[in-house]
Amino acid sequence: MNREFGAETLVELERICARYPRREAALLPAMRLLEREFGCVDEPGMILVAKLLGVSPAHAYGVLTFYTHFRRSSDAKVLLQVCSTLPCALKGSESLYDHLKKITAGEPAITLKKVECLANCDRAPCLQVNEEYIDNATPEMCDQLVAQIRAGRWTPPGQIYSVPPNTHQPVLLRHVLEAGSETMEHYLARGGYKTAEEIVKSGRNPDEVVETVFKSGLRGRGGAGFPTGQKWKFLAKNDKPRYLVVNADESEPGTFKDKLLIDRDPHQLIEGIIIAAYAIRSKTCYIYIRGEFGIGAWILQKAVDEAYEKGFLGRKVFGTASEIDVTVHRGGGAYICGEETGLLSSLEGKRGNPKIKPPFPAVEGLFRSPTIVNNVETIATLPHILKNGVEWFRKMGTEKSPGPKIFSVCGHVHRPGNYEVPLGIPIKELIYDLAGGVRGGKKLKAVIPGGLSAPVFAADEVDNGYVKVDAATKAESRVPITMDFESIAGAGSMLGSGGVIVMDEETCMVDALWNTLRFYAHESCGQCTPCREGTGWIAKLAGRMERGGGRDDEIALLDEVAANMCGRTICVLADAAAMPARSFVKKFRAEFEAHARAKKCPYKHGHAPKPEPAGVGSH
Ligand SMILES: Cc1cc2nc3c(=O)[nH]c(=O)nc-3n(C[C@H](O)[C@H](O)[C@H](O)COP(=O)(O)O)c2cc1C
Ligand code: SF4
């Protein structure tokens, strides 16, 4: 069977291609067109887009098979995806999947799939039905859902944001719960776009804007915490076009803040883009949004279209000679595309393979041109800094970690959600006061403070501070942990993306680690041997331990393999798997030993033997 696009789709494809300097960069968007037109990306469809974009079918196949989010068959009308990553697993997604498997068996209208993090961790356990999220899913909800799909009368519920973002004075999240906060009218009514307009119309030297951001001390909110103004200053000075790339991949499990900013306040982000593009002298911006955010991509595209209509984007920005084009580019479902060089590979229409640094993107990035990659929250902070000034920004937070920060809190807390607070608030305040403490009157066991890649804290460290040893006197003291880059690093972990995963006393830490490591084994791009082999190896060791087949000496082996994965690979995904593994073993060793001794999981929900996880190393 051959596939052909109709005339209108061909025009649409050409319009998409025109937004990139190379046609093959439109490969992922072209696959989305295939999905829309034919319900899937099958082999004839893939051959069609390969021909239309001038790449070989082998290249298109290599790209397609890197990503997990494309539908490869149109047999079933409904794709039901169950998140299986730690935040959802802590809330019972495993048994929900088993339940769904039972009730959908033999149902031709439904394809059921277990997937990795959907970035909806505060509403765990969560499902996706085609593009729609189902929050806080229960077996009863699943029964109803499946019955409705069978009867052909399922309608999407739409997502309701009901969790108060915080009790401190919010900045970026101030308006997200107001009705219509995502619309242009709402944004304009609260003075939106005024700051960008003033900057662009003033004809101010862009370097002054860079200097303001530099002086504010803003640090990237995507994970590494690199100073934004400093990064902008690293841009290579040559005659190549400069690119601004907004990282909206939000792939770090436990993090769901960018989703809220996109869904509920997209114009705040677009105003930040105008300011950043002006500052770095870029005329082209790509927003790389993760494949799972189909609705977010739609909301963002609508907001971008409105901004073009108003003349805030395009050829004559605010009626001046400034030009800024913004393209929303949807990914295909791969954690590694959150890593900036993997993201850029993906944006070029390739497999999302990270590249060795240097050269850093600021010197040689997208299409080999100087490129700034910044996180959604980083960019959305800019209008506030430029409007209110450096002093205002620095009044919040600490000297080295200034400003407000959104922390996504999930797991076993009363009130999971996004909390925007000044950097440097005590971790106890975030967990016990804002998020309401551990639910069900249970005790705290552990906290992952900065997304799944961050080393874990034991409850004692959270409650009483970490143990600091004085280098000279060797005297030990307790230092309270606060939510800023320095304090968390001092305590041996990292602030990362600000995804805080809370585990109660009933959590089996071996099971939690097994789940964590399965994620990394699944998401490794496979280029580096220590990562490709190491992630799978330590996942298998943790899994065997949890299933009752582990030996005492394998605890040290797990730690040794993890230690050997660090610092030896193209990107830090290997470290992101190894560091949590080492911290789990170090801080909860007794639990690993108990598993090895008892030859089973000693927790009451103990596991029956399970087969090896499917999909390990699928990239
Ligand atoms: C494995 C991995 C995954 C990452 N995922 C994300 C992500 O989902 N979103 C993000 O903004 N940054 C992510 N990062 C960090 C980016 O590489 C990059 O540092 C960031 O987008 C820069 O923006 P910032 O300076 O504004 O933080 C990831 C890094 C690694 C190593
Ligand atoms: S460390 Fe892992 S994810 Fe990163 S490039 Fe190497 S194999 Fe790929």
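Fair warning: this is a prediction, and the values are worked out from it, not measured in the lab. (Residues numbered from 1 in each chain as written. Chains lettered and ligands numbered in written order. Predicted model: local features only at pLDDT ≥ 70, side-chain atom pairs only at ≥ 80, totals over all residues. Heavy atoms only, no water.)

Observations regarding the site of ligand 1
Consideration 1: Surveying the vicinity of ligand 1 reveals 17 residues, the closest of which are Gly222, Lys231, Ser251, Asn375 and Thr378.
Consideration 2: A distance of 2.9 Å separates an oxygen atom of ligand 1 from a polar atom in the backbone of Glu340.
Consideration 3: One of the backbone N or O atoms of Val373 is found 3.5 Å from an oxygen atom in ligand 1.
Consideration 4: In isolation ligand 1 offers 620 Å² of accessible surface; the protein chains occlude 90% of this area.
Consideration 5: If one sorts the elements of the shell around ligand 1 by residue count, strand β8 (residues 371–375) sits on top with three residues.
Consideration 6: Here the residues of the shell around ligand 1 sort into three nonpolar, eight polar and six charged. (Near = heavy atom within 4 Å. Polar contact = N/O pair within 3.5 Å; in protein donor to acceptor, adjacent residues only side chain to side chain. Areas by Shrake-Rupley, 256 points an atom, 1.4 Å probe, with all protein chains shown as cover. Helix = DSSP H or I, 4+ residues; strand = E, 2+ residues; numbered from the N terminus. Nonpolar A, V, L, I, M, F, W, Y, C, P; charged D, E, K, R; others polar.)

Let's talk about the site of ligand 2
Consideration 1: The environment of ligand 2 is made up of 13 residues, and the closest members are Cys525, Gln527, Cys528, Cys531 and Cys571.
Consideration 2: The class makeup of the residues in the shell around ligand 2 is nine nonpolar, four polar and no charged.

Thoughts on the packing of helix α10 (residues 206–216) against helix α13 (residues 266–280)
Consideration 1: For the pair α10 and α13, interaxial distance at closest approach is 7 Å and the crossing angle is 115°. For α10 against α13, the interelement crossing comes out left-handed. Contact with α10, carried on its side by Pro206, Val209 and Val210, involves Ile275, Tyr278 and Ala279 of α13 and no other residues of that element.
Consideration 2: Counted by class, the contact of α10 with α13 contains six nonpolar, no polar and no charged residues. (Axes fitted to C-alpha atoms, helices over the stretch in contact; angles between N-to-C directions. Left-handed = near helix turned anticlockwise from the far one by under 90°. Contact = heavy atoms within 4.5 Å.)

Observations concerning helix α6 (residues 93–104)
Consideration 1: The terminal C-alpha atoms of α6 lie 16 Å apart, and with 12 residues this matches the ideal 16 Å at 1.5 Å per residue to within 8%.
Consideration 2: Within the span of α6, buried status applies to Ser93, Leu96, Tyr97, His99, Leu100 and Thr104. Along the axis of α6, the buried residues cluster in a sector spanning 160°; they form a single face.
Consideration 3: On its buried face, α6 sits against β1 (78–83), α5 (86–89), β2 (110–115), β3 (127–129) and α7 (139–150).
Consideration 4: At the C-terminal side of α6, Gly106 shows a positive phi close to 75°. (Expected span 1.5 Å × (residues − 1). Buried < 20%, exposed > 50% of the residue type's maximum accessible area, 1.4 Å probe, protein only. Arc of directions from axis to C-beta.)

Side note on the nonpolar core
Consideration 1: Counting 91 residues, the largest nonpolar core has Tyr67, Ile448, Met503, Leu558 and Phe592 as the members making the most contacts within it.
Consideration 2: The leading source of residues in this core is helix α21 (residues 509–523), at nine residues.
Consideration 3: Other than its neighbours up to four places away in sequence, Phe592 contacts Val510, Leu513, Met545, Ile555, Leu558, Phe584 and Val585.
Consideration 4: Counting residues in hydrophobic clusters, the runner-up holds 67 residues, among them Leu118, Leu173, Leu260 and Ile273. (Core = buried A, V, L, I, M, F, W, Y, C linked by side-chain atoms within 4.5 Å.)

Looking at the environment of Glu271
Consideration 1: On the secondary structure map, Glu271 appears in helix α13.
Consideration 2: Exposure remark for Glu271: the relative accessible area of 2% places this residue in the buried category.
Consideration 3: Taking the C-alpha atoms as reference points, Glu271 and Leu382, separated by 111 residues in sequence, lie 8.2 Å from one another.
Consideration 4: Filtering out sequence-adjacent residues up to four positions away, Glu271 remains in contact with Tyr187, Gly192, Tyr193, Lys194, Thr195, Ala196 and Pro383.
Consideration 5: Within polar-contact distance, the side chain of Glu271 engages the side chain of Tyr187 at 2.5 Å.

What to know about the side chain of Ser583
Consideration 1: Mapping Ser583 onto the fold places it in helix α24 (residues 573–587).
Consideration 2: Note on Ser583: relative accessible area 7%, which makes it buried.
Consideration 3: Here the side chain of Ser583 touches Val456 through a polar contact of 3.0 Å, landing on its backbone nitrogen.

Here we look at the sheet that holds β2
Consideration 1: With mixed pairing, four strands are arranged side by side in an open sheet as β2-β1-β3-β4. If you trace the sheet from one side to the other, it starts and ends with β2 and β4 (132–134), each paired once. Neighbouring strand axes in the sheet, compared pairwise and without regard to direction, differ in orientation by 25° on average.
Consideration 2: Note: β1 against β3, three bridges, orientation antiparallel. (Pairing = 2+ DSSP bridges.)

Examining the pairing of β1
Consideration 1: Burial runs high along β1: six of the six residues are buried.
Consideration 2: Both faces of β1 are covered, namely the face carrying Val78, Leu80 and Val82 and the face carrying Leu79, Gln81 and Cys83.
Consideration 3: Looking at chain direction, β1 and β2 are connected through six bridges and run parallel. Note that in β2 the partner of Cys83 across the bridge is Val115.

Describing the packing of aromatic side chains
Consideration 1: Overall, the coordinates contain 13 aromatic pairs when judged by the stated rule.
Consideration 2: With 5.0 Å between their ring centres and 70° between their planes, Phe66 and Tyr67 make a pair best called edge-to-face. The residues Phe66 and Tyr67 share a single accessibility class, namely buried.
Consideration 3: For the ring pair Trp392 and Phe393, a centre distance of 6.3 Å and an interplane angle of 45° mean the geometry is tilted.
Consideration 4: A connected cluster of aromatic rings, assembled from ring pairs, spans Tyr20, Tyr243, Tyr286 and Phe367.
Consideration 5: Across the ring face of Phe407, the terminal group of Lys405 is positioned such that the distance to the ring centre comes to 5.7 Å. (Phe/Tyr/Trp six-rings, centres within 6.5 Å; stacked < 30°, edge-to-face > 60°. Lys NZ or Arg CZ within 6 Å of the ring centre and 35° of its normal.)

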